[in-house]
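# Remarks on the overall topology
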Amino acid sequence: MTDKIRPLSSGDLSRIITDLEREAGSLSPLQKVLLGTDGSVTNLLEMATGHPVEVVTRVQEVRPADPETAAELGVEPGDAVNYRVVELRDTLTGETLIYAVSFTPLQRLAPDFRDDLLRADIPIGRILRRHRIESRREITDARIVPADPHLSSIFRIHRQQALLSRKYRIIHNRQPLIAIEEIFPSTAFSEERRVIVNAPSRIHITLLDMNGSLGRVDGGVGIALDHPATVLDARKSAGIAVYGGDDETRLRVAEAARATADSLSLPGGAEITVHDAAGQHVGLGSGTALALAAGSALCRLYGRDATVRDLAKVVGRGGTSGIGTAVFEQGGFVLDGGHRFGVPGGKQDFRPSAASRGTEPPPVVARHAFPEDWRILLVTPHAGTGVHGATEVDLFRAHCPVPLGEVRELCHEVLMRLIPGVIEHDLDAFGTAVNRIQHLGFKKVEVAAQPPVVPALLEALVDAGAAGAGLSSFGPTVYAVGDTGMDGVVGAAREVLDGRGGGAVILTRARNTGADVAGV
């Protein structure tokens, strides 16, 4: 079979590493060496750590080559290859340093080489030396990949955190003898201390009182989500630089980081890399999560103590709903008590959080663990985006104050059905309250502002068996809550999205802990 895989030249690799640094931030000299070496990685790791490195085999089996593997090895699809997955571990600390996957065509192996390979506990470089096999290594790829649940568990890192990956082949007698991919976290082998933040996104169920006749406004109810999450890492630098994500994400993170550095008079800035975040303007609170994550990272880097509430005011969040701030701090199911209204020091008009900078985040008046066996389906249609900016401000002005009777009924639903449903693990009561809330108060305004696919989803998800379905914040993300039998609900969501521009469907759970801020 013709070999169509082109090895990377030193110039190619240099350009790729430059591109990786634009995406993931500066790489340490050791990280660059590990991506570009044509020698033994095991020896490099032992010299870097000062400890012996052991090979721990997770998978070793003979399987037929798929087309991609066959092309990489220059064999025919279906030919027998040895599939080997190993971890290179520091014998002193037990830490996994490298995760490696290799494919070896059995037809090219001498019997004694094959025996050693199948023993599974010997590094490949040492097998080559033992059998005096003359070979060279050619690198074929280097890239960034997000950590899936499997690799996040192995490396003890957050899901979606950036991993550095390189692929290379060992060439013997002008033929590929082994194809290998080696993976390690972008934070590993770094020369500088980093802080990693993993923060929950959230469902915003409803604002409570957009009437204000009792001297308070806003109030909110919401739930922290396990996924999607906001994951970023930061390290000290002279100024503020942000990598990863789209332009709006980087701008939001940079603004929050600068506000934090200025407010706390920090002696420096940070180089921040965004590894994962919920989409912007889809109703899952990515703006608050990103801003608070950036501020928290800088505080941890420079050893400054600041409460989440203090940071929220610094970065301009929590001016209307306090749910994003509350779930960042403690996760779970949260109800906040809104803001003073029409009095000195209070809010003077109705406006969204983005237009309420300088307002203190509201107090949390109730917080409960959300049932962990309840599943939450998130459906984000591609047709249209959530209401935000000037349009959002105009809707507040046009529809507030809302009728007092609807505010009273809404508060009745929340106090006497929604919250007891969470506490007593009564899914039917909780779902019934969610369904009714879509027709009350300011939530009714939010639903009415959506494209036709949103009401179609709300109806279809309940008809398919969800206990309740609602619009999160200003959407367009729709959520549905049920128990373990959510397959039919997922199918109904996909059916509605088909022919309406498509969309994203995520089945997740609540997260009953707040943001994790850790130094590495």
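Check the entry above for the structure.
All values reported here derive from a predicted model rather than from experimental measurement. Every chain begins its residue count from 1, and numbering advances along the sequence as written. Given that the model is predicted, a residue must reach a pLDDT of at least 70 before its local features are reported, and side-chain atom pairs must reach 80 or more before they are shown or counted; all residues, however, enter totals for whole chains, interfaces and linings. Think of the side-chain values as coming from all heavy atoms in the structure, minus any hydrogens and water.

## Overview of the packing of helix 9 (residues 286-301) against helix 11 (residues 323-330)
- The geometry of helix 9 relative to helix 11 is characterised by a closest axis approach of 9 Å and an angle of 50° between their N-to-C directions. What the angle tells us is that helix 9 and helix 11 run oblique. For the crossing formed where helix 9 meets helix 11, the hand is right-handed. Between helix 9 and helix 11, the contacting residues are Thr288, Ala289, Leu292, Ala293 and Ser296 on the first element and Gly324, Thr325 and Phe328 on the second. Simply put, an axis is a line fit to the C-alpha atoms, just over the touching stretch for a helix, and the angle between two N-to-C directions goes from 0 to 180 degrees. Helix numbers and strand numbers start at the N terminus; a helix is a DSSP run of H or I with at least 4 residues, a strand a run of E with at least 2. Angular relationships are summarised with four words: roughly parallel below 35 degrees, roughly antiparallel beyond 145, roughly perpendicular across 65 to 115, and oblique for the angles in between. We call a crossing left-handed when the near helix sits turned anticlockwise from the far one by less than a right angle, and right-handed when that turn is clockwise. Two residues form a contact once any of their heavy atoms are found within 4.5 Å.

## Concerning the packing of helix 1 (residues 10-24) against helix 2 (residues 29-36)
- One way to put it is that helix 1 packs onto helix 2 with a least axis distance of 11 Å and a crossing angle of 135°. In terms of orientation, helix 1 lies oblique with respect to helix 2. The element helix 1 and its partner helix 2 pack so that their crossing is right-handed. The segment helix 1 lies against helix 2, with Leu13, Ile17, Leu20 and Glu21 engaging Lys32, Leu35 and Gly36.
- Residues are grouped as follows: Ala, Val, Leu, Ile, Met, Phe, Trp, Tyr, Cys and Pro are nonpolar; Asp, Glu, Lys and Arg are charged; every other residue, Gly included, is polar. Looking at the contact of helix 1 with helix 2, its residues break down into four nonpolar, one polar and two charged.

## A look at the sheet that holds strand 14 (residues 375-381)
- If you walk across this open sheet you meet the four strands as 15-16-14-17, and the pairing is antiparallel. Two strands bound the open sheet, and with one partner strand each, they are strand 15 (468-471) and strand 17 (503-508). Along the sheet, successive strands turn relative to each other by an average axial angle of 15°, direction set aside. Should DSSP find at least two bridges between two strands, the strands are regarded as paired.

## A few points about the packing of aromatic side chains
- Centres within 6.5 Å make a pair out of two Phe, Tyr or Trp rings, where for Trp the six-membered ring is used; the pair is then stacked when the planes are under 30 degrees apart, edge-to-face when over 60, and tilted otherwise. Counting across every chain of the model gives eight aromatic pairs.
- Ring centres of Phe184 and Phe189 lie 5.5 Å apart, and the angle between their planes is 65°; this geometry places the pair in the edge-to-face category.
- Note on exposure labels: buried denotes an accessible area under 20% of the residue type's maximum, exposed denotes more than 50%, and partly exposed covers the range between, all computed with a 1.4 Å probe on protein chains only. With a relative accessible area of 1%, Phe184 lands in the buried category.
- Positioned over the ring face of Tyr83 is Arg63, at 3.7 Å from the centre of the ring. Lysine NZ or arginine CZ positioned within 6 Å of the ring centre and within 35 degrees of the ring normal marks a charge as sitting over the ring.

Everything listed here is a matter of geometry and, on its own, says nothing about what the molecule does.
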